[in-house]
Amino acid sequence: MTRGAWMALTLVAGVAACTRTVEPPKEQALVVFAATSLREPFTALARDFSQAHPGVTITFNFAGTQELRAQLLQGAVADVLASADTRSMGELVRSGHVESPALLAKGEPVVVVSRHAAATITDFAALPRAGTIVIGGPEVPIGRYTAQILARADAKLGGSFAARVQERVVSREPNVKQVLAKVRMGEADAGVVYRSDTVGVLELSVVAIPAELNVVAEYPIAITTAPPHPAMARAFVELARSPAGQAALQRAGFLPQGGG
Amino acid sequence: MRERLTLALPGALLAAFLVLPLLALAGTATPDELLRGLGHPLVAPALRLSATTTAVSTTIVVLLGVPLAWWLSRARGRWASLAETVLQLPIVVPPAVAGVALLLAFGRRGVAGPALEALGVVIPFSTTAVVLAEVFVAAPFFLQAGVSAFRRIDDRLILVARSLGASPSTLLVRVAMPLAAPGLVAGAAMSWARALGEFGATLMFAGNMEGVTQTLPLAIYTALESDLRAAQAISLVLVVMAFALLALVRVALHRFERALGPSV
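Residues numbered from 1 in each chain as written. Chains lettered and ligands numbered in written order. Predicted model: local features only at pLDDT ≥ 70, side-chain atom pairs only at ≥ 80, totals over all residues. Heavy atoms only, no water.

## As for the overall build of chain A
Phase 1: What chain A contains, in helices and strands, is 10 helices and 10 strands.
Phase 2: Buried positions account for 50% of the 260 residues belonging to chain A.
Phase 3: As displayed, chain A offers around 11900 Å² of accessible surface, 56% of which is attributable to carbon and sulfur atoms. (Helix = DSSP H or I, 4+ residues; strand = E, 2+ residues; numbered from the N terminus. Buried < 20%, exposed > 50% of the residue type's maximum accessible area, 1.4 Å probe, protein only. Areas by Shrake-Rupley, 256 points an atom, 1.4 Å probe, with all protein chains shown as cover.)

Structural data, given as structure tokens:
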């Protein structure tokens, strides 16, 4: 065999080896797929979990719920899924990828206002006074919630509230972090995100949406239909829903299961 | 023969890897599904916006890029080569970072923000921002091609033109540009193709608004969340447009080689 052929073979073997190492998780490495917004509380929970279960590590895959759904549909292997909306979770239950989801936490949509507009927009009713507004697109959960909130505000507050807000909308962002970034940099005056996105962010002020107008985002958690580590997966879901887990979620700006 | 095969195998592997996803794009949907995808309400405004913004940005890149490429190709010394390197950086800067950089420079709170605001100009979330993002990411491709096209012109021709009394601008327009034309056309086509595919900087700097800032790549991303077939159909339109532009590059470069003869 010539040197070239060996090189080609090594290349093929290398590629094969790479694909092999990615697929099945190691013996005691629990794989958790979670919505990006859960990064902080879940990373804290992982420390508690590893202390209670020595030798077990957790591998996280944090991504947008839409991406997690696509990855699972394309055959990615995971033990647990925590998503940012019940719709994606419901679809994965129907397609047979996950089983019996339970409520993990609730998210509260809030208005964020850039520093420069903080004096003008001090309550939700003042939102139409913003010069520029960015919201989530209609295809992402935060965008759907925003549309519902505006519809309710229109009915309750009148004065074509929704239309006046839409007039100021300069961009419909494909994810909530883009909304946050633009208000944070002061390029847009206001936007709608989850309260959990604003924890620890100093460059903006948070304006609550009145409870009778607001909607609650539900974060469900579920075990996959073929988890490589079923016992550990159950233990993790139990920890996340336990008082300790709920406290970690609350610190990160989520509402507990029973609240909201 | 065996020698040839051992070379062909790794090459074929890479070629297959590059072509398979493109074929999958075209092959996994029926023509009917693709046609219906093109009928998606996002498509027509995005197509119009992409066509107009890339036409404007490519014009800007060529008009301002020709003199700069000419200067870079003639200048000698450390500073000139440093300038050339710096001007190529947008090629390797991640597009999302380019978008943040554009905001920090031309945003309402950016370095040039107060000056622009005094003039009554607000750039972010406007079609102007789309064009600026495209110029930023695409211009280096034109500069690169332009500089190398100008450098391949025989120095003696320039000397003769000068000795006959040609002014610097006559030299560029009447002598250098015609000689470098195929290379310049190729560069313009490359930069147009790059502008068409621009996504990250546009999303960050210009936002995503139908008919105002939502170009074809942003429409693909938006459709991906809800209607995969529409995203697939728009992607195919982009692939076909890019293929046409790259074919133009090849034809132009081929003519260039023939006109100049074998390079030294």
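Picking up where we left off.
## What to know about the pairing of strand 7 (residues 169-173) of chain A
All names here are of chain A.
Phase 1: In terms of burial, strand 7 is a largely internal element, 4 of the 5 residues being buried.
Phase 2: As paired strands, strand 6 (residues 133-136) and strand 7 are joined by 4 bridges and run parallel to one another. Each residue of the ladder has a partner; that of Ile-133, found in strand 7, is Val-169. (Pairing = 2+ DSSP bridges.)

## Details of the packing of helix 3 (residues 65-73) of chain A against helix 4 (residues 86-94) of chain A
When two helices pack together, their arrangement is given by the angle between the helix axes and the distance between those axes.
Residue and element names in this part refer to chain A.
Phase 1: At a closest axis distance of 10 Å, the pairing of helix 3 and helix 4 adopts a crossing angle of 10°. The angle between helix 3 and helix 4 falls in the class roughly parallel. Touching Thr-65, Arg-69, Leu-72 and Leu-73 of helix 3 are Ser-88, Glu-91 and Leu-92, all from helix 4.
Phase 2: Class assignment for the residues of the contact of helix 3 with helix 4 results in 3 nonpolar, 2 polar and 2 charged. (Axes fitted to C-alpha atoms, helices over the stretch in contact; angles between N-to-C directions. Parallel < 35°, antiparallel > 145°, perpendicular 65-115°, else oblique. Contact = heavy atoms within 4.5 Å. Nonpolar A, V, L, I, M, F, W, Y, C, P; charged D, E, K, R; others polar.)

## Comments concerning the sheet that holds strand 4 (residues 98-107) of chain A
All names here are of chain A.
Phase 1: Strand order in the open sheet made by the 5 strands is 2-1-3-10-4, with mixed pairing throughout. The outermost strands of the open sheet, each flanked by one partner alone, are strand 2 (57-63) and strand 4. Averaged over all pairs of adjacent strands, the angle between strand axes in this sheet comes to 20°, irrespective of strand direction.
Phase 2: Bridging between strand 1 (residues 29-35) and strand 3 (residues 80-82) involves 3 bridges; their strand directions are parallel. Following the sheet pairing, Ala-34 is matched in strand 3 by Ala-82.

## Here's the deal with the domain arrangement of chain A
Residue and element names in this part refer to chain A.
Phase 1: If you check the domain split of chain A, you get domain 1 (3-106 + 218-251) and domain 2 (109-208).
Phase 2: In this complex, domain 1 contributes 8 residues to the contact, which on the side of domain 2 involves 9 residues.
Phase 3: The contact between domain 1 and domain 2 buries some 590 Å² in all, and 45% of this surface belongs to carbon and sulfur atoms.
Phase 4: Three residues, Gln-66, Asp-85 and Arg-87, lead the burial of domain 1 against domain 2; their summed loss comes to 45% of the area buried on that side. (Domains from an automatic or database assignment. Buried area = accessible area lost by both parts, 1.4 Å probe.)

## Description of the nonpolar core
Phase 1: Ranked by internal contacts, the top residues of the largest apolar core, which has 73 residues, are Leu-38 and Phe-42 of chain A.
Phase 2: Tallying contributions element by element places helix 9 (residues 230-241) of chain A first for this core, with 7 residues.
Phase 3: Both domains that furnish three or more residues to this core are identified here as domain 1 (3-106 + 218-251) and domain 2 (109-208) of chain A.
Phase 4: In this structure, Leu-38 of chain A is in contact with Phe-62, Ala-82, Leu-104, Tyr-219, Leu-249 and Phe-254 of chain A, ignoring residues within four places of it in sequence.
Phase 5: Counting residues in hydrophobic clusters, the runner-up holds 23 residues, among them Ile-153, Leu-172, Leu-184 and Ala-188 of chain B. (Core = buried A, V, L, I, M, F, W, Y, C linked by side-chain atoms within 4.5 Å.)

## Some details on the packing of helix 7 (residues 127-151) of chain B against helix 9 (residues 168-197) of chain B
Residue and element names in this part refer to chain B.
Phase 1: Where helix 7 meets helix 9, the closest approach of the two axes is 8 Å, and the angle between their N-to-C directions is 145°. Between helix 7 and helix 9 lies a crossing whose hand is right-handed. Of the residues in helix 9, those touching helix 7 at Glu-134, Val-137, Ala-138, Phe-141, Phe-142, Ala-145, Gly-146, Ala-149 and Phe-150 are Leu-172, Ala-176, Met-177, Ala-180, Gly-183, Leu-184, Gly-187, Ala-188, Met-190, Ser-191, Arg-194 and Ala-195.
Phase 2: When the residues that make up the contact of helix 7 with helix 9 are grouped by side-chain class, the tally is 15 nonpolar, 4 polar and 2 charged. (Left-handed = near helix turned anticlockwise from the far one by under 90°.)

## A few points about the interface of chain B and chain A
Phase 1: At the junction of the two partners, chain B supplies 24 residues and chain A supplies 29 residues.
Phase 2: Summed over both sides, the interface between chain B and chain A buries roughly 2200 Å², with carbon and sulfur atoms accounting for 61% of that surface.
Phase 3: For chain B, the biggest contributors to the area lost against chain A are Arg-109, Phe-125 and Glu-225 of chain B; these three give 29% of the whole.
Phase 4: At the junction of chain B and chain A, the tally comes to 1 salt bridge. (Salt bridge = Lys/Arg side-chain N within 4 Å of Asp/Glu carboxyl O.)

## Considering the sheet that holds strand 7 of chain A
All names here are of chain A.
Phase 1: A sheet is described by the order of its strands in space; here 5 strands give the open sequence 7-6-8-5-9, paired in mixed fashion. Strands at the two margins of the open sheet, each flanked by one partner only, are strand 7 and strand 9 (204-208). Taking each pair of neighbouring strands and ignoring which way they run, the sheet shows an average axis angle of 30°.
Phase 2: Examined bridge by bridge, strand 6 and strand 8 (residues 190-194) share 2 bridges and lie parallel to one another. Bridging across to strand 8, Ile-133 finds its partner in Ala-190.
Phase 3: Across the face of the sheet, helix 5 (residues 141-157) comes into contact with strand 5 (109-114), strand 6 and strand 8 while running at roughly 115° to strand 8.
Phase 4: Along the sheet face, helix 6 (residues 161-168) touches strand 6 and strand 7 and points at about 85° away from the line of strand 7.

## A word on unusual backbone geometry
Phase 1: Positioned with a positive phi, Ser-160 of chain A is a non-glycine residue whose angle comes to about 40°.
Phase 2: Here Ser-160 of chain A lies in the loop between helix 5 and helix 6.
Phase 3: On the accessibility criterion, Ser-160 of chain A (44% relative accessible area) is partly exposed.
Phase 4: With a phi angle near 65°, Phe-125 of chain B is a residue other than glycine that sits in the positive phi range.
Phase 5: Relative to the helices and strands, Phe-125 of chain B resides in the loop between helix 6 (113-118) and helix 7.

## Structural notes on helix 7 (residues 176-184) of chain A
Phase 1: For helix 7 of chain A, every residue scored as buried is listed here: Val-176, Gln-178, Val-179, Leu-180, Lys-182 and Val-183 of chain A.
Phase 2: Looking one or two residues past helix 7 of chain A, Gly-186 of chain A carries a phi angle of roughly 80°, positive in sign.

## Side note on the side chain of Glu-187 of chain A
Phase 1: Within the secondary structure layout, Glu-187 of chain A lies in the loop between helix 7 and strand 8.
Phase 2: Buried and unpaired, Glu-187 of chain A has Arg-108 of chain B as its nearest opposite-charge partner, separated by 4.6 Å.
Phase 3: Only 3.5 Å separates the side chain of Glu-187 of chain A from the backbone nitrogen of Arg-109 of chain B, close enough to count as a polar contact.
Phase 4: Excluding anything up to four places from it in sequence, Glu-187 of chain A contacts Thr-132 and Lys-182 of chain A together with Leu-103, Gly-107, Arg-108, Arg-109, Gly-110, Pro-124 and Phe-125 of chain B. (Lys, Arg positive; Asp, Glu negative; His and termini not counted. Polar contact = N/O pair within 3.5 Å; in protein donor to acceptor, adjacent residues only side chain to side chain.)

## What about the pattern of salt bridges?
Pairing between side chains becomes possible if they bear opposite charge and their charged atoms approach one another.
Phase 1: For the structure on display, the rule yields 13 salt bridges over all chains.
Phase 2: Among the ionic pairs, Lys-182 of chain A bridges to Glu-173 of chain A, the shortest N-O distance being 3.0 Å. In this pair, the class of Lys-182 of chain A matches that of Glu-173 of chain A, namely buried.
Phase 3: The residue Arg-151 of chain B makes a salt bridge to Glu-84 of chain B at a minimum N-O spacing of 3.0 Å. Taken together, the residues span a long stretch of sequence, with Arg-151 of chain B in helix 7 and Glu-84 of chain B in helix 4 (residues 78-88) at a distance of 67 residues.
Phase 4: Residue classification places Arg-151 of chain B among the partly exposed residues on the basis of a relative accessible area of 40%.

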